[in-house]
Amino acid sequence: MNYALFVLFFAELVTSAEAPKHRIAVKVIQGINAVVVSNQSTASNVAVYHSNNSDGDRTHLLLTHHRREFVPSSKNQIFAPYSEINNYWLNMAKKRFHYYTQQSTKVLVEPLEMKRWVKDGDLVKAAGVKFQVMATPGYTREAVSYLAEVNGKKCAFTGDLIYGDGKIFDLYSFQDAIPEAKVGGYHGYGARLADLVSSLQKIKAWKPDVIYPARGPVIHDPAQAIDKLIGRVQALY
């Protein structure tokens, strides 16, 4: 082999070795970030929040919390927080008209079949990626986040915990009961904002390089965005 061919072969080998194994794509569907992590080697993929993949048999869908907007448009292997199993996923279709402490009007008409229920500390393996489950209540009582290292970057999929640069999607979703003040869930304005701050601090302590929220722009400076949101919440409440 002459020198020029050797250099060309070596360059191609290095380029192939350095090619990222996974690809993360974000497509906004009706206001929801449909995030897909694809394994370039095996052609398998995992979706977070929403999936429009027609080849549903190969797709894992990771849900961080309940909301009617987060429903698959195709057959998927769905993962959802175990702690929400009774209050929402299995029973809400029946009691949605008589549940006065419900967290949202965005409820399903019929129960949704789940592949697996996840809880804090669980590990979900899909598309060659290990997703760590972290309990991050706030936007809903039992929400979780998924933490994973993808192509050498620490990625946090936090649902509606944070929206863009130091914002939240809405304030009324944090309404809940305040037992100490004998306030019911219907009147507990901002009652879960303390949970929000605690969950944000947990995410920050993990030191993510990027946050993929359920809505809004991808956050490339998580620490700054989190600090800004915590400061705004503490100033408000």
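Now for a quick tour of the structure. (Residues numbered from 1 in each chain as written. Predicted model: local features only at pLDDT ≥ 70, side-chain atom pairs only at ≥ 80, totals over all residues. Heavy atoms only, no water.)

**Concerning the pattern of salt bridges**
Turning to step 1, where the next piece is worked out: Scanning the model with the defined rule gives seven salt bridges in all.
Turning to step 2, where the next piece is worked out: Note that Arg116 and Asp122 form a salt bridge whose closest N and O atoms lie 3.9 Å from each other.
Turning to step 3, where the next piece is worked out: By relative accessible area, Arg116 is classed as partly exposed at 30%.
Turning to step 4, where the next piece is worked out: In this structure, Lys119 engages Asp122 in a salt bridge whose closest nitrogen and oxygen atoms are separated by 3.6 Å. (Salt bridge = Lys/Arg side-chain N within 4 Å of Asp/Glu carboxyl O. Buried < 20%, exposed > 50% of the residue type's maximum accessible area, 1.4 Å probe, protein only.)

**So, a nonpolar patch on the surface**
Turning to step 1, where the next piece is worked out: Among the surface-exposed residues, Tyr189, Leu236 and Tyr237 lie close enough to one another that they form a single nonpolar patch of about 360 Å² accessible area.
Turning to step 2, where the next piece is worked out: When its relative accessible area of 45% is taken as the criterion, Tyr189 is described as partly exposed. (Patch = residues over 30% accessible without salt bridge, like charges linked within 9 Å, V, L, I, M, F, W, Y side chains within 5 Å. Areas by Shrake-Rupley, 256 points an atom, 1.4 Å probe, with all protein chains shown as cover.)

**Comments concerning the environment of Ala194**
Turning to step 1, where the next piece is worked out: As for its placement among the helices and strands, Ala194 is situated in helix 4 (residues 193-206).
Turning to step 2, where the next piece is worked out: Assessed through its relative accessible area of 56%, Ala194 is described here as exposed.
Turning to step 3, where the next piece is worked out: With 20 residues separating them along the chain, Ala194 and Phe174 place their C-alpha atoms 9.6 Å apart. (Helix = DSSP H or I, 4+ residues; strand = E, 2+ residues; numbered from the N terminus.)

**Concerning the pairing of strand 2 (residues 32-39)**
Turning to step 1, where the next piece is worked out: Counted residue by residue, strand 2 has seven buried out of eight residues, so it is predominantly covered.
Turning to step 2, where the next piece is worked out: As paired elements, strand 1 (residues 22-29) and strand 2 share eight bridges and run antiparallel to each other. In the strand pairing of strand 2, Val28 is matched with Asn33.
Turning to step 3, where the next piece is worked out: Two successive antiparallel strands, strand 1 and strand 2, enclose a turn made up of two residues, where Gln30 displays a positive phi of approximately 50°.
Turning to step 4, where the next piece is worked out: Two strands pair when backbone bridges link them, and strand 2 and strand 3 (residues 45-48) are joined in this way by four bridges, in the antiparallel orientation. (Pairing = 2+ DSSP bridges.)

**Side note on the packing of aromatic side chains**
Turning to step 1, where the next piece is worked out: In this structure the tally under the stated criterion is four aromatic pairs.
Turning to step 2, where the next piece is worked out: Their ring planes at 40° and their centres at 6.1 Å tell us that Tyr163 and Phe169 sit as a pair that is tilted.
Turning to step 3, where the next piece is worked out: Among the aromatic residues, those joined into a cluster by ring pairs are Phe131, Phe157 and Tyr212.
Turning to step 4, where the next piece is worked out: The cationic tip of Lys154 hangs over the ring face of Trp206; the distance from NZ or CZ to the ring centre is 4.6 Å.
Turning to step 5, where the next piece is worked out: A cation sits over an aromatic face here: Arg215 above Phe169, 4.0 Å from the ring centre. (Phe/Tyr/Trp six-rings, centres within 6.5 Å; stacked < 30°, edge-to-face > 60°. Lys NZ or Arg CZ within 6 Å of the ring centre and 35° of its normal.)

**A look at the side chain of His60**
Turning to step 1, where the next piece is worked out: Position of His60 among the secondary structure elements: in strand 4 (residues 59-62).
Turning to step 2, where the next piece is worked out: A residue is classified by how much of its surface remains accessible, and His60, at 17% relative accessible area, is buried.
Turning to step 3, where the next piece is worked out: Those residues within four positions of His60 in sequence are excluded, and the remaining contacts are Asn45, Val46, Ala47, Gln77, Phe79 and Ala126. (Contact = heavy atoms within 4.5 Å.)

**Details of the sheet that holds strand 10 (residues 153-159)**
Turning to step 1, where the next piece is worked out: With mixed pairing, the five strands of this open sheet are ordered in space as 7-8-9-10-11. Among the strands making up the open sheet, the edge pair consists of strand 7 (123-126) and strand 11 (210-213). Taking each pair of neighbouring strands and ignoring which way they run, the sheet shows an average axis angle of 25°.
Turning to step 2, where the next piece is worked out: Taken together, the three bridges between strand 10 and strand 11 define a ladder with parallel strand orientation. Of the residues in strand 11, the one forming a bridge with Cys155 is Val210.
Turning to step 3, where the next piece is worked out: Contacting strand 8 (129-135), strand 9 (144-150), strand 10 and strand 11, helix 4 runs over the sheet at an angle of about 165° to strand 10. (Axes fitted to C-alpha atoms, helices over the stretch in contact; angles between N-to-C directions.)

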